[in-house]
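Below are the chains, spelled out letter by letter.
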Amino acid sequence: MSDAEIINMYSKNKDMAGDMLMTKYGAFCREEIQKYVKGEDEISRCMKHVRTAARLTLTSYHPASLKLFLVRVVRDIAYKRYVKTRVFETYGTELDLTVDELKDGFIVNKEKDLSDIAMLEDAGEIVNRFLRRHPSAYRDVFIRRYFFAESVDDIATRYKSKPDIIRGMLEYSKSELKEAMRKGGF
């Protein structure tokens, strides 16, 4: 069955559209998910989320390439699952806040797919260069907040500073990083 036929089935709300999608791309989706999560329970949960996301999205959206659409959906779901199962258990709810803080400051170029490993490496290199250019105090605060997901209050206590000063340092760093990412094409 062709991609166009599968998408057409979704737009007509046919129940077997999900089965046809998984018949054609199920192994591919599973392989992509396994790059992020381990364990059959986690993989199965992600596969269910992929089916649901496809059903909800493909009823009204018709991508030019179904496979590229699935790559994006699968990687997004698998990565979010990875974060929830691994990092969230370690750092708690503070992580959600730190991710939201960083996300709000960035404009992502729609032509660049951040789920692509090469794009992630490019973005990582830009962040590394950015951090190397700044004084160690700014670097340390930035890493404590956005890598280790420490709260602003904890960072302020660690460095014997006021939370407002730490927030100011983070805002400055985020605006500088946003500019560096923009110059890098993101």
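Here, the structure is the one placed above.
What counts and how
Residues numbered from 1 in each chain as written. Predicted model: local features only at pLDDT ≥ 70, side-chain atom pairs only at ≥ 80, totals over all residues. Heavy atoms only, no water. Helix = DSSP H or I, 4+ residues; strand = E, 2+ residues; numbered from the N terminus. Buried < 20%, exposed > 50% of the residue type's maximum accessible area, 1.4 Å probe, protein only. Contact = heavy atoms within 4.5 Å. Areas by Shrake-Rupley, 256 points an atom, 1.4 Å probe, with all protein chains shown as cover. Salt bridge = Lys/Arg side-chain N within 4 Å of Asp/Glu carboxyl O. Expected span 1.5 Å × (residues − 1). Bend = angle between axes of the 7 residues up to and from the residue. Core = buried A, V, L, I, M, F, W, Y, C linked by side-chain atoms within 4.5 Å.

### A few points about the overall build of the protein chain
Here is step 1 of the chain: Summing up its helical and strand segments, the protein chain has 9 helices and 0 strands in all.
Here is step 2 of the chain: Secondary structure elements in the protein chain, listed N-terminal to C-terminal, are α-α-α-α-α-α-α-α-α.
Here is step 3 of the chain: For the protein chain, the proportion of its 186 residues judged to be buried stands at 35%.
Here is step 4 of the chain: Long-range pairs, those at least 24 residues apart, make up 63% of the contacts in the protein chain between residues at least 6 apart in sequence.
Here is step 5 of the chain: With an accessible surface of roughly 11600 Å², the protein chain has 53% of that area assigned to carbon and sulfur atoms.

### Some remarks on the pattern of salt bridges
Here is step 1 of the chain: According to the stated counting rule, one finds 13 salt bridges in the structure shown.
Here is step 2 of the chain: Note that Asp164 is salt-bridged to Arg167, the shortest N-O span being 3.0 Å. Of this pair, Asp164 and Arg167 both sit in helix H9 (residues 163-183), 3 residues apart, which is roughly one turn of that helix.
Here is step 3 of the chain: Three or more residues are tied together by salt bridges with common partners; here these are Glu32, Lys35 and Arg75.

### Examining helix H2 (residues 17-33)
Here is step 1 of the chain: If you check H2, its first and last C-alpha atoms are just 21 Å apart, much less than what 17 residues at 1.5 Å a residue would give, namely 24 Å.
Here is step 2 of the chain: At Tyr25, H2 shows its largest kink, close to 70 degrees.
Here is step 3 of the chain: When H2 is considered as a whole, its buried residues turn out to be Ala17, Gly18, Leu21, Met22, Tyr25, Gly26, Phe28, Cys29, Glu32 and Ile33.

### Thoughts on the nonpolar core
Here is step 1 of the chain: Judged by nonpolar contacts, the single largest core of 26 residues is most densely connected at Tyr10, Leu21, Cys29, Ile33, Val50, Leu66 and Leu70.
Here is step 2 of the chain: Among the elements of the structure, helix H1 (3-11), H2, helix H3 (40-58) and helix H4 (66-91) are those that each provide at least two residues to this core.
Here is step 3 of the chain: Once residues within four sequence positions are removed from consideration, Leu21 is found in contact with Ile6, Tyr10, Gly26, Ala54, Leu66 and Leu70.
Here is step 4 of the chain: The next biggest cluster of nonpolar side chains, apart from the first, holds 16 residues, and it includes Ala123, Ile126, Phe142 and Met181.

Function cannot be inferred from these measures alone, as they are strictly geometric.
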